[in-house]
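# Structural description and commentary
This is what each chain is made of:
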Amino acid sequence: MGAAHVRSIILSMRDNFQREIYYLRLSVTDLCNLRCIYCMPEGGVEKRSHSDIMSVDEIAEVVRAAAICGISKVRVTGGEPLVRNGIVDICRVISGTPGIRELCMTTNGILLPKFAMEIKSAGVQRLNISLDSIDPDTYRKITRIGTLANALDGVRVALETGFDSVKINAVLIGGVNDGEIASLLELTRRYNVNVRFIEVMPIGECADWAEGRFISADHVLEIAPELRDAGIDGVARLYRLPDGLGTVGLISPISSHFCPTCNRIRVSADGMLKPCLHSADEINLRGLKGAELEDAIRSAILRKPQKHRLDAGEVSASLRNMNAIGG
Ligand code: SAM
Ligand code: SF4
């Protein structure tokens, strides 16, 4: 083995506030086939050269090192992860990394009819699909260029493919889709899906846009008082319609932020580790390998701040748009 030394995988690592950090959200591209109004500038983003984003080998090395540091769950995100060249290889490499027990993906679903089987075979166990509206005009208004029928096809194929779970993410936007809460809830009556309502976060170039459009996740409980408490799932409070097959999740990053139970770090497609979604702090992982990379990840975990300040009316301090972080 020469100078190489064997490092054992730790079960999880605690940050300075005693939170167990075991979850990596990994963005594989900033690019997207949609332009959601709360996430991306209207003109999209400039395509970067290949060398500006991490290669499959670099991603493999980051995930290997993260697993050594206690990461056991990876979510592949973007931009839109399914537009990234080599996405199936990326999923296969991640799911095959010792120590990684759970691989999930967040996608807008548009390309699922093409990729669902392949990514499942490559180890993706759970899918979150973004679907903010089931009205074709509103869907187009939110995504600027998307076609609802394509997204619904993606959801259908995801359900048929047999992932361990399929969740639908709907960002609540005042005056845009808040009139659709009841119809989105109805999906859980007919299908075994988890429909999650997410509070819009003011971040990046879209921060001004979000102002005045905030709807608290608790508003869903006013619209549907028949919802019954069904426990907690990670950052979501779960509910169920009395005769529902699926569940309803409420995610409140603003009105009751979940920083005290934060369990995650984020790595962007260009290899910057973000200890906190809403902080400007970033650690460049590119060019690092082996023990040096592991040390960088460990020290980033120890740099996680205690909390963000969005509940105090501040906009995110992150310098990136959401498509360049991964949500
Ligand atoms: N393209 C994929 C998708 O849309 O699911 C993955 C990337 S997207 C950035 C990840 C998640 O972030 C999506 O569920 C999206 O709705 C959410 N998101 C983006 N911008 C947001 C914002 N300003 N506030 C709240 N959620 C946001
Ligand atoms: Fe693309 Fe997802 Fe952002 Fe919408 S939320 S623009 S689908 S990255």
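The present account deals with the structure reproduced in this document. (Residues numbered from 1 in each chain as written. Chains lettered and ligands numbered in written order. Predicted model: local features only at pLDDT ≥ 70, side-chain atom pairs only at ≥ 80, totals over all residues. Heavy atoms only, no water.)

## Topic: the overall build of the chain
Keep this limit in mind: Runs of H or I in DSSP of at least four residues are treated as helices and runs of E of at least two as strands, each being numbered from the N terminus. C-alpha atoms define the radius of gyration, and 2.2 Å times the number of residues to the power 0.38 defines the globule rule. Pairs of residues are marked as contacts when any of their non-hydrogen atoms sit within 4.5 Å. Each accessible area is a Shrake-Rupley estimate made with a 1.4 Å probe; only the visible protein chains count as cover when residues are assessed.
Within the chain, the regular secondary structure consists of 9 helices and 14 strands. In summary, the chain has a C-alpha radius of gyration of 19 Å against a globular reference of 20 Å for 327 residues, a match within 12%. Considered along the principal axes of its C-alpha atoms, the chain spans approximately 65 × 45 × 40 Å. In the chain, the share of contacts with a sequence separation of at least 24, taken over all contacts with a separation of at least 6, comes to 73%. For the chain, the accessible area works out to roughly 14100 Å², and carbon and sulfur atoms hold 51% of it.

## Some thoughts on the packing of aromatic side chains
The geometry of two aromatic rings is summed up by the distance between their centres and the angle between their planes. Counted only if it meets this: Aromatic contacts are taken between Phe, Tyr and Trp rings whose centres are within 6.5 Å, Trp giving its six-membered ring; a plane angle under 30 degrees counts as stacked, one over 60 as edge-to-face, and the others as tilted. Geometrically, a charge over a ring is one whose NZ (Lys) or CZ (Arg) sits within 6 Å of the ring centre while staying within 35 degrees of the ring normal.
Going through the model one piece at a time under the given rule, you end up with 0 aromatic pairs. The ring of tyrosine 23 carries the charged tip of lysine 73 above its face, separated from the ring centre by 4.3 Å.

## Examining the site of ligand 1
This is how it is decided: We call a residue near a molecule or strand when any one of its heavy atoms sits within 4 Å of it. In protein, a polar contact requires one atom able to donate a hydrogen and another able to accept it; more generally it is a pair of N or O atoms within 3.5 Å, and residues adjacent in sequence count only if both atoms are side-chain atoms. Here the term charged refers only to Asp, Glu, Lys and Arg, the term nonpolar to Ala, Val, Leu, Ile, Met, Phe, Trp, Tyr, Cys and Pro, and the term polar to all other amino acids, Gly among them.
If you check the shell around ligand 1, you find 19 residues, and the closest are Tyr38, Gly79, Thr106, Ser130 and Met201. The separation between a nitrogen atom of ligand 1 and a polar main-chain atom of tyrosine 38 is 3.0 Å. In this structure, an oxygen atom belonging to ligand 1 sits 2.6 Å away from a side-chain N or O atom of serine 130. Protein contact buries 94% of the 540 Å² of open area that ligand 1 shows by itself. Of all the elements in the fold, those that place two or more residues in the shell around ligand 1 are strand E5 (102-107) and strand E7 (165-172). Of the residues belonging to the shell around ligand 1, the class tally is 7 nonpolar, 10 polar and 2 charged.

## Side note on the site of ligand 2
Around ligand 2 sit Cys32, Leu34, Arg35, Cys36, Tyr38, Cys39, Met40, Gly79 and Asn108, and those are all the residues in its vicinity. Among the residues making up the shell around ligand 2, the classes are represented as 6 nonpolar, 2 polar and 1 charged.

## Thoughts on the side chain of asparagine 323
Heads up, the rule is: Residue exposure (1.4 Å probe, protein chains only): buried if accessible area is under 20% of the type maximum, exposed if over 50%, otherwise partly exposed.
Note that asparagine 323 resides in the segment after helix H9 (290-302). By relative accessible area, asparagine 323 is classed as buried at 2%. Among the polar contacts listed, one links the side chain of asparagine 323 to the backbone oxygen of aspartate 30, at a separation of 3.0 Å. Residues contacting asparagine 323, with those up to four places away along its chain left out, are Thr29, Asp30, Cys39, Met40, Pro41, Val45, Gly78 and Gly79.

## Section: H9
Defined as follows: Given a helix with a known number of residues, its expected span is that number minus one, times 1.5 Å. Here the arc refers to the set of directions running from the helix axis out to each C-beta atom.
For H9, with 13 residues, the first-to-last C-alpha span of 19 Å sits near the 18 Å given by 1.5 Å per residue. Burial in H9 covers these residues: Gly290, Leu293, Glu294, Ala296, Ile297, Ala300 and Ile301. Down the axis of H9, the sector holding all buried residues measures 160°, keeping them to one side.

## Comments concerning the pattern of salt bridges
Which entries qualify depends on this criterion: Whenever a carboxyl oxygen of Asp or Glu lies within 4 Å of a side-chain nitrogen of Lys or Arg, that contact is scored as a salt bridge.
Under the definition given, this model contains 16 salt bridges. A salt bridge links arginine 64 to glutamate 294; its shortest N-O distance comes to 3.3 Å. Of the two residues, arginine 64 sits in helix H1 (residues 56-68) while glutamate 294 sits in helix H9, which places them 230 residues apart along the sequence. What makes arginine 64 partly exposed here is its relative accessible area of 25%. Residue aspartate 89 is joined to arginine 92 by a salt bridge in which the shortest nitrogen-to-oxygen separation is 3.1 Å. With a gap of 3 residues between them, aspartate 89 and arginine 92 both fall in helix H2 (residues 87-95), about one helical turn apart. On the basis of relative accessible area, arginine 92 is assigned to the partly exposed category, the value being 45%. Through salt bridges with shared partners, one network takes in Glu61, Arg64 and Glu294.

## Side note on the sheet that holds strand E6 (residues 126-130)
Selection criterion: When DSSP finds two or more bridges between a pair of strands, those strands are recorded as paired. Note on definitions: angles span 0 to 180 degrees between N-to-C directions of axes, and those axes are lines fitted to C-alpha atoms, for helices only across the stretch in contact.
If you trace the 12 strands from one edge of the open sheet to the other, you get E9-E10-E11-E8-E7-E6-E5-E4-E3-E12-E13-E14, paired in mixed fashion. Here the strands that pair on one side only, and so sit at the sheet edges, are strand E9 (228-233) and strand E14 (283-284). Summarising the sheet, E9 and strand E10 (residues 236-240) pair through 5 bridges and their orientation is antiparallel. Note on E10: the bridge partner recorded for aspartate 229 is tyrosine 239. Helix H5 (residues 148-161) contacts E6 and E7 of the sheet and is inclined by roughly 165° relative to E6.

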